[in-house]
Amino acid sequence: MARTVVCSKFKRELPGLEKAPFAGDMGKKIYDSVSQEAWDQWNKDAQIKVLNEYRLNMGDPRDYKVLVDQMLRFLGLEEGEVAEVENSERGRRQ
């Protein structure tokens, strides 16, 4: 039987992660509070969209911090605005 968590993103009990995705306090926080479904949405989709949409360079500590902040917001672990991606109106001329 899979372990469950009350998911910080979906606000309901769902199957949790099998192991922490990172070492340290942040990994423990994600492991304790984020469902596998929410993590998969971030890890397999939203993360890539944020990286591409905002052209983040993971070699730049400021850009890395932006990505981590967006991850925590997306997962519902921190308050704040989640970066907008896939806006069909962005880039269109009026």
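For the structure, check the block above.
Residues numbered from 1 in each chain as written. Predicted model: local features only at pLDDT ≥ 70, side-chain atom pairs only at ≥ 80, totals over all residues. Heavy atoms only, no water.

Here we come to the pattern of salt bridges. Under the defined criterion, the tally for this structure stands at four salt bridges. A salt bridge links K49 to D45; its shortest N-O distance comes to 3.0 Å. Here K49 and its partner D45 are both found in helix α2 (residues 36-53), four residues apart, which amounts to about one turn of the helix. Exposure remark for K49: the relative accessible area of 22% places this residue in the partly exposed category. Look at D45 and you get partly exposed, because its relative accessible area is 37%. Of the charged contacts in the structure, one is a salt bridge between D69 and K65, with a shortest N-O distance of 2.9 Å. Note that D69 and K65 are positioned in helix α3 (residues 61-74) at a spacing of four residues, about one turn of the helix. (Salt bridge = Lys/Arg side-chain N within 4 Å of Asp/Glu carboxyl O. Helix = DSSP H or I, 4+ residues; strand = E, 2+ residues; numbered from the N terminus. Buried < 20%, exposed > 50% of the residue type's maximum accessible area, 1.4 Å probe, protein only.)

Counting residues in hydrophobic clusters, the biggest one holds 19 residues, and the most contacted among them are I30, V34, W39, W42, M71 and L75. Contacts of I30, omitting those with residues within four sequence positions, involve L17, P21, F22, W39, M71, L75 and L77. (Core = buried A, V, L, I, M, F, W, Y, C linked by side-chain atoms within 4.5 Å. Contact = heavy atoms within 4.5 Å.)

Time to look at the environment of L72. Along the chain, L72 falls in helix α3. For the pair formed by L72 and G24, sequence separation is 48 residues and the distance between their alpha carbons is 15 Å. The contacts of L72, once residues within four sequence positions are left out, are M26, L77 and E78.

What follows deals with the packing of α2 against α3. Contact geometry for α2 and α3: axes closest at 11 Å, N-to-C directions at 140 degrees. By the angle between their axes, α2 is oblique relative to α3. As α2 runs across α3, the sense of the crossing is right-handed. The residues of α3 that touch α2, namely those facing A38, W39, Q41, W42, A46, Q47, V50 and L51, are L67, Q70, M71 and F74. Class assignment for the residues of the contact of α2 with α3 results in nine nonpolar, three polar and no charged. (Axes fitted to C-alpha atoms, helices over the stretch in contact; angles between N-to-C directions. Parallel < 35°, antiparallel > 145°, perpendicular 65-115°, else oblique. Left-handed = near helix turned anticlockwise from the far one by under 90°. Nonpolar A, V, L, I, M, F, W, Y, C, P; charged D, E, K, R; others polar.)

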